[in-house]
Structures are given as C-alpha cells and as structure tokens.
Amino acid sequence: MPTLSMFFGIVIRINPREHNPPHFHAQFQDTEGSFDLATGEMTVGDLDKRQQRLVQAWWEIHHDELAANWRLIQAGEAYFKINPLQ
C-alpha cells in the first residue's frame, strides 16, 4: 500500500486495489483505522480517540489532496506525498 504521509507515529496509506466508497487507512503502532474520504470519519478500526482526532485534523487540511491521490492510485498512475500534520 502506498504511504502518502506520516506524522506523530501515524502512517497514512491508500490501497491500490481498494473498493468504493473511497477511503484511506491510518496505522498507529499495532492499531489501524479506515477513514471515509468524503467525511474524514473512521468507519472501521481500533485507533484510539487521540489518533482519530489527529487523523481527522490532518484530513481537514489535506482532503482535496487525498481525493486526487485516490483517483491517481485507482487509475494506476503515480501518486504524490502529502505533508504531515505539524
């Protein structure tokens, strides 16, 4: 899975063979969550509330870039890195 961004120990990825609805994955240590690309809400996973809030804050800033990367990755094209949450 391509890694799009990393911050505060959280790794953000999109699977190139994913299904709809568009979503992305966030991993922190041995926990993971799947987040809806349109809303930034975690739909599945076991990330704790602190990491969920950090991912959602990052999503607020970068959701347009995430959507662009989703389209690129699903089309088999080159993706780009997204700045971390600072």
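Just so you know, these numbers come straight off a predicted model, no measurement behind them.

Q: Could you clarify how one ought to interpret the nonpolar core in this entry?
A: It is characteristic of soluble globular proteins that their nonpolar side chains tend to be buried jointly. If you look at the biggest cluster of nonpolar residues, it comprises 21 residues, and the most contacted ones within it are I10, I12, F24, W58 and L66. Elements supplying a minimum of two residues to this core: β1 (3–7), β2 (10–13), β3 (23–28) and α1 (49–74). If you tally residues by element for this core, the top one is α1, at eight residues. Excluding anything up to four places from it in sequence, I12 contacts P2, T3, L4, S5, F7, F24, H25, A26, V55 and W58.

Q: Please clarify how the confidence of the model for the protein should be interpreted in this entry.
A: Looking at the protein, the pLDDT average stands at 94 and 100% of residues meet or exceed 70. Per-element averaging of pLDDT across the protein places α1 at the bottom with 95 and β2 at the top with 97.

Q: Would you mind showing me how to read the side chain of T3 here?
A: Here T3 lies in strand β1. Residue classification places T3 among the buried residues on the basis of a relative accessible area of 17%. With sequence-adjacent residues up to four places away left out, T3 is seen in contact with V11, I12, R13, Y79 and K81.

Q: For this particular structure, what's the right way to read the packing of aromatic side chains?
A: Centre-to-centre distance and the angle between the planes together describe a pair of aromatic rings. Under the definition given, this model contains four aromatic pairs. Here F24 and F35 contribute two aromatic rings whose centre-to-centre distance is 5.4 Å and whose plane-to-plane angle is 15 degrees, an arrangement assigned as stacked. Taken together, the residues span a long stretch of sequence, with F24 in strand β3 and F35 in strand β4 (residues 31–36) at a distance of eleven residues. Classification of F24 by relative accessible area gives buried; the value is 0%. These aromatic residues form a ring-pair network of at least three members: F7, F8, F24, F35 and W58.

Criteria and thresholds
Residues numbered from 1 in each chain as written. Predicted model: local features only at pLDDT ≥ 70, side-chain atom pairs only at ≥ 80, totals over all residues. Heavy atoms only, no water. Core = buried A, V, L, I, M, F, W, Y, C linked by side-chain atoms within 4.5 Å. Buried < 20%, exposed > 50% of the residue type's maximum accessible area, 1.4 Å probe, protein only. Helix = DSSP H or I, 4+ residues; strand = E, 2+ residues; numbered from the N terminus. Contact = heavy atoms within 4.5 Å. pLDDT = per-residue confidence, 0-100. Phe/Tyr/Trp six-rings, centres within 6.5 Å; stacked < 30°, edge-to-face > 60°.

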